[in-house]
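Spelled out from the first residue to the last, the chains are:
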Amino acid sequence: MPKALNPRFGSRPLTCPYCYERFPVRAISFRCNGRMSRTGNQCALRVDPVREARMDDRRQLGPVFAADGRKKTAQCPGCAGETRYRVCPVCHSKLPTDFGLVNDLLIAMVGSKESGKTVYMTVLVHEIMHRMGAQLDAAIMAADDDTSSRYSSAYEKLLYTDRQMPASTDSAEVSGNRVAPLVFRFSMNRPRLLGSAPMHTVLSFFDAAGEDLNSQDSVDLNGRYLGNADGIIVLLDPLQLSGARRDATPGSPLPGSGPGHDTPENVLVRITDLLRASPRVSSRRSIDTPLAVVFPKIDTLAHTIGAGSPLMAAQPGGSRFDVGDSLDVHVEMMRLLKQWSAEQIDQIVAKNYSRHRFFGVSALGGNPTSDMRAPVDGIRPYRVTDPFLWLLSELGAIGKDSSGQRS
Amino acid sequence: MTVYGIDLGLTSGRIAWSAVPGAPADRALVVPAGLAFAPDGAVRVGAADDQHPRAVPGVRALLAQGGAPRPGSPLSAEASVGTVLAELTERARAEGGGTAVEAVLAVPGDFDVAATAALRRAAESVGLTVRGTVPAALAVCLHYGAVDWGVDRNILVCDLGATRLELTVLAVRSLSVEILHSAISRIDDVEAADRAARVAGLVAEAARSVATVDVEDVLLAGAAAADAAVSRAIVEAIGVAARCTEPDFAVAKGCVRFADFGYVRVKDGRGEGPERRTPRSTVARHAFQAASTPPDDDPEPRARVVDDPDPRVRRPERPAPAPTPPAPAEERQVPPVREPRPSPSVVPPIPAMRPPMRSAVDAKVQPPPIVEGPDIAADGPTAYAPRPVVGLAVIRRTGSAVLSWQWPPDGPEARVHWRIGTGSNAETGTASVSRHAYDNQGGFSLEIGPRPAEFTVEVLVPGSAPSAQPPSSAVLPAPPTAVRYDLTLVGGRRKRMARFSFTGDVDCILPDIVVVYASGRYLPSARHEGREIHRVPGGPLQRNQPFETEFSFVGFGPGWLVCFPEESAVPIALHPVSLHRLRVV
């Protein structure tokens, strides 16, 4: 007897972690596994036109059929075999195990061109896997084979083993609006009234190309991803702010500022406009989606930051999100925005987002070399997990430590 | 635990120890280093002028001359030495040396590896556990405190005994010591009145022999060095003052210092002359290594002093070890000529060292382990040698130091040594850092608190030739005196009080404090961005004893309350405990 999904998920619309389309849980489809069934029948494998069109996937796959998506298994009407392959009814991507049973958090990552989104995402996942996991007593693992192989080869190996900086991300226009997010399964124990219980969260990281935020038309290409995201990380390169750019450590590679590049303020405005256009957002209220405004490459400005600044302090440990430390960083970043004559960023965020936080991070800890390789003294990330932890805490996936916060 | 430092001289043996374990040696005694025989044939440690035909005037010479017993003597060379060592330790115990069984042995300049091993075995045969062996010249440097972090000096050690003079020139670069030159000369053929001049002449000759460096310090050791005329003659000869503090026990007390000194790397930088019989290039030593007893045939690798004009201390030539690659392990077990193997009490010669592979950073204070590296070379073991690193940098993050450096492409592991704090309270330690752990941890971090710290880093790279360069070093100075302040708002809207508390890391003078109110969303960076609303008079502030002050705070809108210090003679760093807590609404 197939186990039914948790009823509390039955009424809540789900969002596919691959295509970010929303659908009710019962609409989840199934894909035949293509193996011979007990009746001796076997479905023919063929290219799925939906997968081909949306994901450029030309693999030979079993047929997709509709069934009660609230169940974990279904019987294929073609071969009468039982299948456990639950797929998105829109993009036909195989959904992670227990999708709909566990939390699914979609985190979109956008930012201005050359702000280092891909590097940041690579280092972030690496940090979660290798350092933060032990701190939070959590584990993160790829939710599907594609993410596993893509993250290992195209992201982690490239940066950490080959020491190569990643190339620019293809824009949605170039890739035919086919974006393949990296999907991970984040597991940790959450304390309960009696003991603790494992809690799993599906995380979908969507890395948008910077070019896609340079005009309203291109932003619209990513509208579905941003509009349906549970949390958004916006990377704004401080070196694209004229007030900070002149203070950068000599020798720091400066991002372009000519055609094809737009100011961080304008990028933020377009993202905000797109979110405001979402039917989920009331025009008379602030946007409720948590927005982490991340200023990367903070190492290039470290010499302008005082010794007592929270941006010079060690990253807090502990298994819960440190609210006080995060607020201190937020205040310090606001002070720096004023120092950089970029208060407009703060004003845009404050007036449009009910939940927002500023962060200063450094993914590499130093400058890449002139031939676009990782820093010669290694990758030394600083505070890269802060925005992620804040989003998880805002979305209820991890606990908060408010002891350092003013009551 | 008390550790004996033992200096076996030609005519006298000296032992030193400390009444307080770990402290510098404050007790010492001397016994003759010869064997005499009673009429009934009983052996006793006695004066060298015993006329008995089997008497041994100095047992050390037996080892230096190849370990053959004195003709007619009932005791082997090792047993003879052991008898003297036993006498030394027994007397030390009787003099309040407790029940110590550990010892550090000084290795004279004319000892080769076999002689050193024999000395070690002799000590162990009388129940001593040898914590380590140390070249006598290095022991003298340790006695004078000439080896330390940040030291960069060229030192001439002048060990003046009753019959001969041992001169050693060393280059001290932090915790890396290179022996540049050594020579042994007879002086017993010189009249006492002319001895000082002869010593000065030999010192000047030794100083000139090392053309590449200038001798900056002269350290005196040996009983005869206490003669003030020697010091004066040296000053006149080379223009460098000679330091002379307890010279007769300098070696023995330096051995005690070595026991708890930590890491020091010794490199033999003397040229490969034709007379070198046991060429050794580098010996890495670590005082923490001595827990296990070495095998009987486990001599200390040590360069033999070669510039020895005294034919009496020469011994028959031995074939030098073949410079070819080492034979397979099975063959080395039964070599045609017994080759010394590295002792567990000493880090083995660098060419034979393999990088200890660990899963993560291990910051415990312990010796670098000698462990097979499982993944270093698929086709056989690879030798690794230390090299200084490029681009060593260290930054302070709250109470931690974060180190970074550039890894060579073929360096799988680095060694980090540190000293935290200053003076007698300084903490030293060492850690092996794999590149994998470095990459995953984002550098190497160490908790140091608000103290200064010094680090050296060297990376292990394939190869057998040790580097001539000392490890890379970096210094993290102590942070300025810091006072942290916190704001608490008390009361409601009608009557509000702002309460500030100031807490210092150390005892300090708190300067006058100006409290500034700034309205708006942004934290003020300077006084002029707000207006002064209160002034806190300065005064003494005791460590970790908060000083609190409060004042009325009514009628102000949302903004920030920030403290700025007035200028003071001793500037302090004034930091808020938490930035967001300075916000008032």
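Source: prediction; values computed, not measured.

(A) Quick look at the interface of chain B and chain A. The interface of chain B with chain A comprises 30 residues on the first partner and 35 residues on the second. Across the chain B/chain A interface, buried area totals approximately 2,700 Å², and carbon plus sulfur atoms make up 49% of it. Seen at the junction of chain B and chain A, the total is three salt bridges. Two residues, aspartate 439 of chain B and arginine 163 of chain A, come together in a salt bridge whose shortest N-O distance is 2.6 Å.

(B) Examining the sheet that holds strand E29 (residues 547-552) of chain B more closely. All names here are of chain B. Judged by pairing direction, the sheet is mixed, and its four strands sit side by side in the order E29-E24-E23-E31 without closing on themselves. Of all the strands in the sheet, the pair left with one neighbour each is E29 and strand E31 (573-576). Mean inter-strand twist for the sheet, computed between neighbouring axes without regard to direction, equals 25 degrees. Examined bridge by bridge, strand E23 (residues 482-491) and E31 share four bridges and lie parallel to one another. In the strand pairing of E31, tyrosine 485 is matched with proline 576.

(C) Focus on the packing of helix H2 (residues 117-136) of chain A against helix H3 (residues 145-161) of chain A. Residues and elements named next belong to chain A. Remark: H2 packs on H3, axes separated minimally by 10 Å, with the N-to-C direction vectors making an angle of 90 degrees. The angle between the axes of H2 and H3 places the two elements in the roughly perpendicular class. Contacts between H2 and H3 involve Thr118, Val119, Met121, Thr122, Val123, Val125, His126, Met129 and His130 from the former and Tyr151, Tyr155, Glu156, Leu159 and Tyr160 from the latter. Each residue belonging to the contact of H2 with H3 can be placed in one class, and the counts come to nine nonpolar, four polar and one charged.

(D) Inspection of the side chain of serine 204 of chain A at higher detail. Its place among the elements puts serine 204 of chain A in strand E13 (residues 196-207). Setting aside chain neighbours within four positions, we find serine 204 of chain A in contact with Pro17, Tyr20, Leu105, Leu106, Ile107, Pro181, Leu182 and Val183 of chain A.

(E) Inspection of the packing of aromatic side chains at higher detail. A complete count under the given rule lists 19 aromatic pairs over all chains for this structure. Between phenylalanine 500 of chain B and phenylalanine 551 of chain B, the aromatic rings sit 6.1 Å apart at their centres with planes inclined by 15 degrees, giving stacked as the arrangement. Pair noted here: phenylalanine 500 of chain B is in strand E24 (residues 496-504) and phenylalanine 551 of chain B is in strand E29, with a separation of 51 residues, a long-range link. Take phenylalanine 500 of chain B and phenylalanine 551 of chain B: they sit in the same class, and that class is buried. Among the aromatic residues, those joined into a ring-pair cluster are Tyr151, Tyr155, Phe184, Phe186, Phe205 and Phe388 of chain A.

(F) Structural view of the side chain of aspartate 57 of chain A. Residues and elements named next belong to chain A. Summarising the element assignment, aspartate 57 is placed in the loop between helix H1 (49-55) and strand E5 (60-61). The exposure class of aspartate 57 is buried, given its relative accessible area of 9%. Within the structure, aspartate 57 has its side chain in polar contact with the side chain of arginine 51 (distance 3.0 Å). For aspartate 57, the side chain forms a polar contact with the side chain of arginine 59, separated by 2.9 Å. Ignoring any residue separated from it by four or fewer positions in sequence, one finds aspartate 57 in contact with Val47, Asp48, Arg51 and Glu52.

(G) Focus on helix H2 (residues 77-97) of chain B. If you check which residues of H2 of chain B are buried, you get Ala77, Ser80, Val81, Gly82, Val84, Leu85, Ala86, Leu88, Thr89, Ala92 and Gly97 of chain B. Phi for glycine 98 of chain B, located one or two positions after H2 of chain B, is positive at around 70 degrees.

(H) Seen up close, the state of the cysteines. All chains considered together, the criterion is met by zero disulfides over all chains. Cysteine 32 of chain A carries a free sulfur, and the closest cysteine sulfur to it, the one in cysteine 79 of chain A, is 3.6 Å from it. In this model cysteine 244 of chain B remains outside any disulfide bridge; the closest cysteine sulfur is found in cysteine 158 of chain B, 9.5 Å from its own. Judged by its relative accessible area of 31%, cysteine 244 of chain B is partly exposed.

(I) Here's a closer look at the pattern of salt bridges. All names here are of chain B. Under the counting rule described, the total for this entry stands at 38 salt bridges over all chains. Glutamate 216 is paired through a salt bridge with arginine 153; the nearest N and O atoms lie 3.9 Å apart. Here the residue glutamate 216 occupies a position in the loop between helix H5 (192-209) and strand E11 (217-221), and arginine 153 occupies one in strand E8 (residues 152-160), the gap between them amounting to 63 residues. Residue glutamate 216 is classed as partly exposed on the basis of its relative accessible area, which comes to 32%. What makes arginine 153 partly exposed here is its relative accessible area of 32%.

(J) The arrangement of the confidence of the model for chain A in detail. For chain A, per-residue confidence averages 84 on the pLDDT scale, and 88% of positions sit at 70 or higher. Within the model, pLDDT remains below 50 along residues 1-10 of chain A, and this stretch shows 19 contacts once partners closer than five positions in the same chain are excluded.

Conventions adopted
Residues numbered from 1 in each chain as written. Chains lettered and ligands numbered in written order. Predicted model: local features only at pLDDT ≥ 70, side-chain atom pairs only at ≥ 80, totals over all residues. Heavy atoms only, no water. Contact = heavy atoms within 4.5 Å. Buried area = accessible area lost by both parts, 1.4 Å probe. Salt bridge = Lys/Arg side-chain N within 4 Å of Asp/Glu carboxyl O. Pairing = 2+ DSSP bridges. Helix = DSSP H or I, 4+ residues; strand = E, 2+ residues; numbered from the N terminus. Axes fitted to C-alpha atoms, helices over the stretch in contact; angles between N-to-C directions. Parallel < 35°, antiparallel > 145°, perpendicular 65-115°, else oblique. Nonpolar A, V, L, I, M, F, W, Y, C, P; charged D, E, K, R; others polar. Phe/Tyr/Trp six-rings, centres within 6.5 Å; stacked < 30°, edge-to-face > 60°. Buried < 20%, exposed > 50% of the residue type's maximum accessible area, 1.4 Å probe, protein only. Polar contact = N/O pair within 3.5 Å; in protein donor to acceptor, adjacent residues only side chain to side chain. Disulfide = S-S within 2.5 Å. pLDDT = per-residue confidence, 0-100.

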